[in-house]
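Survey of secondary and tertiary structure
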Amino acid sequence: MKFEVILAGFGGQGILFAGNLLAQAGMEAGLHVTFLPVYGPEMRGGTCNCTVVLSDREIASPVVTRPSALLTMNRPSFEKFVPRLKHRGLAVVNRSLVPEALAEGFPDRKFLFIPADELAEEEGFPGLGNMAALGALVAVSRVVPPEKVLSGLKAILPPERAHLLEPNRRVFRRGYEFALKKASTASRR
Amino acid sequence: MKAFTFPQVLTDRSFHYCPGCHHGIAHRLLAEVLEELGVQERAYGVASIGCACFLYYYFDVDICEAPHGRACAAATGAKRARPELVVFTYQGDGDFAAIGLTESLHAAARGERITAIMINNTVYGMTGGQLSPTTLPGQRTTTTPEGRDPRVYGYPLKVAEILAGFPGVAFCARVAVNTPKRVREAKEALRKAFLAQIENRGFGYVEFLSACPVNWKLDAVRAAEKVNELTETFPLGVFRDEV
Amino acid sequence: MKPILVKGSEAIALGALEAGCRCYFGYPITPQNEIPELMARELPKRGGVFLQAESELAAVNMLLGAASTGVRAMTSSSSPGISLMAETFSYLAALELPAVVVNVSRGGPGLGGIEASQGDYFQATRGAGHGDYHFLVLSPASIQEAYELTAKAFELAEKYRQPAMILTDALLGQMKEPLRPRKLRLKKYPKDWALTGAKGRPGRTLRSLYLGPGELRARNELLQKKYRAMRREARAKVLYAEDAELAVTAFGSLSRIVKEAVEMAREKGYPVAFVRPVTLFPFPEKPFRELAARGVRFLVVELNCGQMVEDVRLSVCGRSEVELQAFPPSDLPAPEDIYRRIKRCLAAGK
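What comes next concerns the included structure. (Residues numbered from 1 in each chain as written. Chains lettered and ligands numbered in written order. Predicted model: local features only at pLDDT ≥ 70, side-chain atom pairs only at ≥ 80, totals over all residues.)

Re the overall build of chain A
Helix and strand counts for chain A stand at six helices and six strands. Ordered by position from N to C terminus, the α and β elements of chain A give β-α-β-β-β-α-β-β-α-α-α-α. Relative to its length of 189 residues, chain A is compact, with a C-alpha radius of gyration of 15 Å against a globular reference of 16 Å. Dimensions of chain A, computed from the C-alpha atoms along their principal axes, are close to 45 × 40 × 35 Å. Per-residue burial for chain A yields a buried fraction of 51% across its 189 residues. Within chain A, counting contacts between residues at least 6 apart in sequence, those at least 24 apart form 60% of the total. (Helix = DSSP H or I, 4+ residues; strand = E, 2+ residues; numbered from the N terminus. Rg over C-alpha atoms; globule rule 2.2 N^0.38 Å. Buried ≥ 20, exposed ≤ 12 C-beta atoms within 10 Å, placed from the backbone. Contact = placed C-beta atoms within 7 Å.)

This is the structure:
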């Protein structure tokens, strides 16, 4: 098993946090992991992305050009990375900022559009759309057990943000459940 | 009654300094102070680049060489690594105040528990008498053959006056050694500059106005007299004393 | 032992702490600030010294001063800061001080950029300052290795009374991987040269000025003898040598991308080996000589305009062909870029 995902969005959308958390969860699940943040002028503001590789074998390259999955939180990152996604690869897309119609140009990719920002807002934490999207990615890809993400949060959150542990978990669960429900309606059809 | 003795801190090697140079007197005072304070076995000296780079030939204490200008940084590292050491630098005016001004000022600003000795003879002695940051206006050097022109090179740097404004500095003085009285005062200043670190108060600094007969193109006696002229630009005295 | 997920820069700092590093001196520069930041948190807790200097010049001279007293001490920086330190590197080598320097290098020349680059290979292996001298240079390729090689650098530095450098880059410095911060058993060596105060012994001197007739020559010959003795520390990681017609070689973080390409090629049945120098000085000539003697050709892949390729050519000494695939700093290459080149090299060899 080798799962390569690029997470991308605006700076401030929690992209690096979500990638870091996924890598932490993978490590806690006993997988080999690498986490590579974008490094460059893009670091301050603008777009932001990171690459996470999870594998049951030793990982050589942390750099991935054609990922097997994507998590895109905004339109520019959708446009930049979806063409690079492997055929039959999975893209979890933030419907709050990316119109679903954009997916029509890529019939050989799998898309899951999720109203990530709305779900987070409904929980009272509009800044945590990243967690809703990550919940959906974990639900659909099954790359790590969701409880490893929930436990991994503790390791990733700095002590001064410990009060955000529960909100993060709640929004993650919302995204996770949203994706499961959507998957089951899709299979009933 | 105390007989005249040779300081144990000095080795029996003869100084290589030119006739009339004041390094020898400063060396002797430094050796006496280290001995009288009982710190020979804890002393750590930094020999920087310049005429005094052979410090290790004359002092029977631990001595490390530092690149030109970096003595105060190297001394900082040694003192921070082993605070029990009594750490000093022995530098010229070019070393301390030109190439090493940044390291010198920052060590003083941090209040490093080190003692810095600057021998101010207004020229680069070892390299043959070029312009230094303390060269007087009008003074001829090999690189200012018509004399230092303030319109080109500005004015001499008064290091003791600068350091006097630093809260991290516990003792700061300018001394000369061209009269017996001044020699005695210089030794007292040196003693206090070491007490500043031994008593954990802060940075200690002593600036010696020092004759350089060869590069000043004067004989030993006239060079010693010329030090009096230097005091017009570089007044002697204690500029800060918290010891 | 439970692994922790850390950046390469953090792993380097943790490796130094595991080695008993007592003093850290540094000056901020991207992309290595995690090292001083971790040291600022951890060293005081362990009775050590952390000091942010006014410049890299001051930092490396503080390192000189601390190392001269026999304590384990280090500094870290990135390319432009390392250039500024170069003057004192020459003195560290001349005074034979066991000090550790980390270069998390970035693109140059000049201010360059802040992306990963291997453009400082020459600077690291040839001695950046004046005179005939070398640092011992180690180059990790994973976060675990960054931890272990940093600790090892302290041991080797003391073994040879010799400054040692960890050469890595922004890619390894910024990526995260699991680290098992295991206890390491490091050897200790006598420090009968350290300046600790002349108690019960004559004063000691650490100096590099030798003006007497023949003194400096004798001094240089001693240093060169030491550098030759250091050759026994040369290390390389070699994979798939048995059936190889082409050996692809790279060091540091780039070697990860290269290894991926080699594995892609082998899955397709191409006879390709992988050689990664772990020590850059001394350079591990032996595997290159042996492979060349068997007629294996070489493809050297670098994140610069071609520097290590010169050491490969010197090792191979004309007995085989050596090709270069150079990626000047900007974007990182993909494994596919290297895979395509491997195929071309093999086709050209037929």
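Some points on helix α6 (residues 143-160) of chain C
All names here are of chain C. When the terminal C-alpha atoms of α6 are compared, their 26 Å separation across 18 residues agrees well with the 26 Å that a helix rising 1.5 Å per residue should span. Buried residues dominate α6, accounting for 14 of its 18 residues. Positioned one or two residues after α6, Arg 161 has a phi angle of 45 degrees, which is positive. (Expected span 1.5 Å × (residues − 1).)

Some thoughts on the interface of chain B and chain C
Each side of the interface is counted separately: chain B has 30 residues, and chain C has 36 residues. Elements with a minimum of two residues in the side of chain B that touches chain C: β1 (43-47), β2 (62-65), α3 (71-81) and α5 (101-109) of chain B. A breakdown of the residues in the side of chain B that touches chain C according to their chemical character gives 16 nonpolar, five polar and nine charged. As defined by bridge partners, β2(B) adjoins strand β9 (residues 205-206) of chain C across two bridges and the pair is classed as parallel. Across the sheet, the residue bridging to B:Cys64 is C:Leu206, located in β9(C). (Nonpolar A, V, L, I, M, F, W, Y, C, P; charged D, E, K, R; others polar. Pairing = 2+ DSSP bridges.)

Some words on the sheet that holds strand β11 (residues 246-249) of chain C
Residue and element names in this part refer to chain C. Reading across from one edge, β10-β12-β11-β14-β15 is the order of the five strands in this open sheet, with mixed pairing throughout. Pairing within the sheet leaves two strands with one partner each, and these edge strands are β10 (236-239) and β15 (322-326). Each neighbouring strand pair of the sheet contributes to a mean axis angle of 20 degrees, computed without reference to strand direction. Taken together, the four bridges between β11 and strand β14 (residues 297-302) define a ladder with parallel strand orientation. In the sheet register, Ala 247 faces β14, and the bridge partner there is Phe 298. In this fold helix α11 (residues 308-316) packs onto β11, β14 and β15, with an angle of close to 160 degrees to the strand it touches most, β14. (Axes fitted to C-alpha atoms, helices over the stretch in contact; angles between N-to-C directions.)

As for the packing of helix α9 (residues 254-267) of chain C against helix α12 (residues 335-349) of chain C
Residues and elements named next belong to chain C. Two elements in contact, α9 and α12, have axes separated by 8 Å at closest approach and are oriented at 50 degrees. Here α9 is positioned oblique relative to α12, judged by the angle of their axes. In this structure, α9 crosses over α12, and the sense of that crossing is right-handed. Residues Ile 257, Val 258, Glu 260, Ala 261, Met 264 and Ala 265 of α9 form the contact with α12, whose own contacting residues are Pro 335, Ile 338, Tyr 339 and Ile 342. (Parallel < 35°, antiparallel > 145°, perpendicular 65-115°, else oblique. Left-handed = near helix turned anticlockwise from the far one by under 90°.)

Thoughts on α5(B)
Residues and elements named next belong to chain B. Those residues of α5 lying buried are Glu 103, Ser 104, Ala 107 and Ala 108. Buried positions in α5, seen along its axis, are confined to an arc of 125 degrees and lie on one side of it. Among the residues trailing α5, Gly 111 stands out with phi positive, at a value near 70 degrees. (Arc of directions from axis to C-beta.)

A short note on the environment of C:Gln162
Residue and element names in this part refer to chain C. Structurally, Gln 162 is set in the loop between α6 and β7 (164-169). Its 23 C-beta neighbours within 10 Å are what place Gln 162 among the buried residues. Setting aside chain neighbours within four positions, we find Gln 162 in contact with Glu 96, Pro 98, Leu 136, Ala 157 and Lys 226.

So, the interface of chain A and chain C
Taken together, the 16 residues of chain A in the interface contact 20 residues of chain C. Listing elements by their share of the side of chain A that touches chain C, those giving two or more residues are α1 (15-28) and β2 (32-37) of chain A. The dominant element in the side of chain A that touches chain C, judged by the number of residues it contributes, is β2(A), at five residues. For the side of chain A that touches chain C, the class distribution of residues is ten nonpolar, six polar and no charged.

Some remarks on the environment of A:Glu122
Residue and element names in this part refer to chain A. Turning to its location among the elements, Glu 122 is positioned in helix α3 (residues 116-122). Judged by local crowding, Glu 122 falls into the partly exposed class, with 14 C-beta atoms found within 10 Å. For the pair Glu 122 and Met 27, spaced 95 residues apart in sequence, the C-alpha to C-alpha distance is 31 Å.

Concerning the pairing of β15(C)
Residue and element names in this part refer to chain C. As defined by bridge partners, β14 adjoins β15 across five bridges and the pair is classed as parallel. The residue bridging Val 300 from the neighbouring strand is Leu 324, located in β15. Since β14 and β15 lie parallel, the crossover through α11 that links them has a hand, and here it is right-handed. (Right-handed = clockwise from strand over helix to strand, strands pointing away.)

Concerning the sheet that holds strand β13 (residues 279-281) of chain C
Residues and elements named next belong to chain C. Pairing within the open sheet is mixed, and its seven strands lie in the order β3-β2-β4-β5-β7-β6-β13. The open sheet has two edge strands, β3 (49-52) and β13, and neither has a second partner. Along the sheet, successive strands turn relative to each other by an average axial angle of 20 degrees, direction set aside. One ladder, built from three bridges, connects strand β6 (residues 136-138) with β7; its direction is parallel.

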